[in-house]
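So the chains spell out like this:
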Amino acid sequence: MRSPADRRRHGPAGLLLCLLFLATALPCGAEPLRLALWHTGLGRDGPGLLLRDIRRGAADVLAARDALVTLAPDAIVLLDVDHDRDLLALRAFAALLAEGGLVLPHAHAPRPNSGLATGLDLDGNGRRGEADDAQGWGRFAGAGGMALLSRWPIGGSLDFSDFLWQDLPGKQLPMQAGQPFPSPEVFAVQRLSSTGHWQVTLATPGGPLTLLAWHAGPPLFGGPHERNALRNAAETAFWRWRLDTAPPQTPFVLIGNSNLDPQTGAGDRAVMGALLAHPLLQDPAPQAPRPGTIGPPTTATAHWPDGPGALRVDYLLPDRRLIVRDAGLLWPNPGATHAILWADLILPD
């Protein structure tokens, strides 16, 4: 893995590299940008606790800082980062990164659906006010949100997180006796996104780059009506619908956690396979050996030793207009549940 200095080195070797790029129709002199995605595991059990632990320098927070400073992304989508109204925790984490030498001054973190109370019995268990009765599962409002940190300014954004599940073309809803379960009234307010779906454009030196980001809920634990499995599939199918009907005009990257492996594990795997096969996308399929294992590299991005094992659930999928110079997985430590995905991209002329 190259350092930022390695990626920007000039001289005879740089000239040779540029000539090689010309031979393969790459823009000569174009600087790659490093984009990354990480399900951090930094979410806490209560509001304000993440900010407290960042200020205290908790061990897992410092380990996260060190991993990202080592990788040196130009922009990163962070998952499982608790949200607060003024983005105090996110900005404190960005300041911690800056102290380590990774300056990402621009932040984007819309309010997530996780923990957003509805006052309804969304899961049909006869009780209200539980974590499963929020728009997205969460012990408190903003639990385990999504965030973006970037070297470059944010040029514009769209937030689809309030899009209703029942409004997705081709959706499947949990049903009982011919009616949506638990009731049609629930689906009049039930949002599709467990955490969020958003589109944000970065004003990079090479031109605009649009990120299509999401974090789907797991396809498990949905009861006999398969509520979670159906919703998980719909959260991923949303992007296939958007790419078919309203793709970004700028170069873009689809980036996030679908909680779906296209080949194994729970959920509607065909939905993930169809998204990976979309003609507007390319799949770098980064690989790395899992820490502490013997064997060939794998595309698995997460590992639950006491659950489903190793699965590919995190994705960084550039559109076909982008040139992927390199891509990989970085396991921040031997006990990490999720690897950091990264790709070095060159925007087209």
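What counts, and where the lines are drawn
- Residues numbered from 1 in each chain as written.
- Predicted model: local features only at pLDDT ≥ 70, side-chain atom pairs only at ≥ 80, totals over all residues.
- Heavy atoms only, no water.
- Helix = DSSP H or I, 4+ residues; strand = E, 2+ residues; numbered from the N terminus.
- Expected span 1.5 Å × (residues − 1).
- Buried < 20%, exposed > 50% of the residue type's maximum accessible area, 1.4 Å probe, protein only.
- Contact = heavy atoms within 4.5 Å.
- Lys, Arg positive; Asp, Glu negative; His and termini not counted.
- Salt bridge = Lys/Arg side-chain N within 4 Å of Asp/Glu carboxyl O.
- Axes fitted to C-alpha atoms, helices over the stretch in contact; angles between N-to-C directions.
- Parallel < 35°, antiparallel > 145°, perpendicular 65-115°, else oblique.
- Left-handed = near helix turned anticlockwise from the far one by under 90°.
- Bend = angle between axes of the 7 residues up to and from the residue.
- Core = buried A, V, L, I, M, F, W, Y, C linked by side-chain atoms within 4.5 Å.

(A) Spotlight on helix 5 (residues 88-99). Between the first and last C-alpha of helix 5 there are 17 Å, a value that for 12 residues agrees with the 16 Å anticipated at 1.5 Å per step. Of all the residues in helix 5, the buried ones are Ala 89, Leu 90, Ala 92, Phe 93, Ala 94, Leu 96 and Leu 97. Where the residues of helix 5 are buried, they touch helix 3 (49-56), helix 4 (59-71), strand 2 (75-81), strand 3 (106-108) and strand 4 (145-150). Just past helix 5, the residue Gly 101 takes up positive phi, approximately 105°.

(B) Representation of the side chain of Arg 231 in the model. Within the fold, Arg 231 resides in helix 7 (residues 227-245). Of the side chains with opposite charge, Glu 235 lies nearest to the buried Arg 231, which makes no salt bridge, at 4.5 Å. Residues contacting Arg 231, with those up to four places away along its chain left out, are Gln 135, Gly 136, Trp 165, Gln 190, Arg 191, Leu 192, Ser 193 and Ser 194.

(C) View of the packing of helix 3 against helix 5. Their axes nearest at 9 Å, the elements helix 3 and helix 5 cross at an angle of 20°. Overall, the two elements helix 3 and helix 5 adopt an arrangement that is roughly parallel. Considering only the axes of helix 3 and helix 5, their crossing is left-handed. Of the residues in helix 5, those in contact with Leu 50, Leu 51 and Ile 54 of helix 3 are Leu 88, Ala 89, Ala 92 and Phe 93.

(D) Highlighting helix 7. Taking 1.5 Å per residue as the helical rise, helix 7 with its 19 residues ought to reach 27 Å, and the 26 Å between its terminal C-alpha atoms agrees with that figure. Roughly 25° is the biggest bend found in helix 7, and it falls at Thr 236.

(E) Spatial organisation of the nonpolar core. Counting residues in each nonpolar core, the largest one holds 31 residues, and the members touching the most others are Leu 68, Ile 76, Leu 78, Phe 93, Leu 149 and Ile 340. Those elements that provide at least two residues to this core are strand 1 (33-39), helix 3, helix 4, strand 2, helix 5, strand 4 and strand 15 (340-346). Top element by residues in this core is helix 5. It accounts for seven residues. Leaving out residues up to four positions away in the same chain, Ile 76 has contacts with Ala 36, Leu 37, Trp 38, Leu 68, Leu 104, Ala 147, Leu 148 and Leu 149. Within the second largest apolar cluster, 29 residues are counted, among which are Trp 165, Leu 212, Leu 254 and Leu 260.

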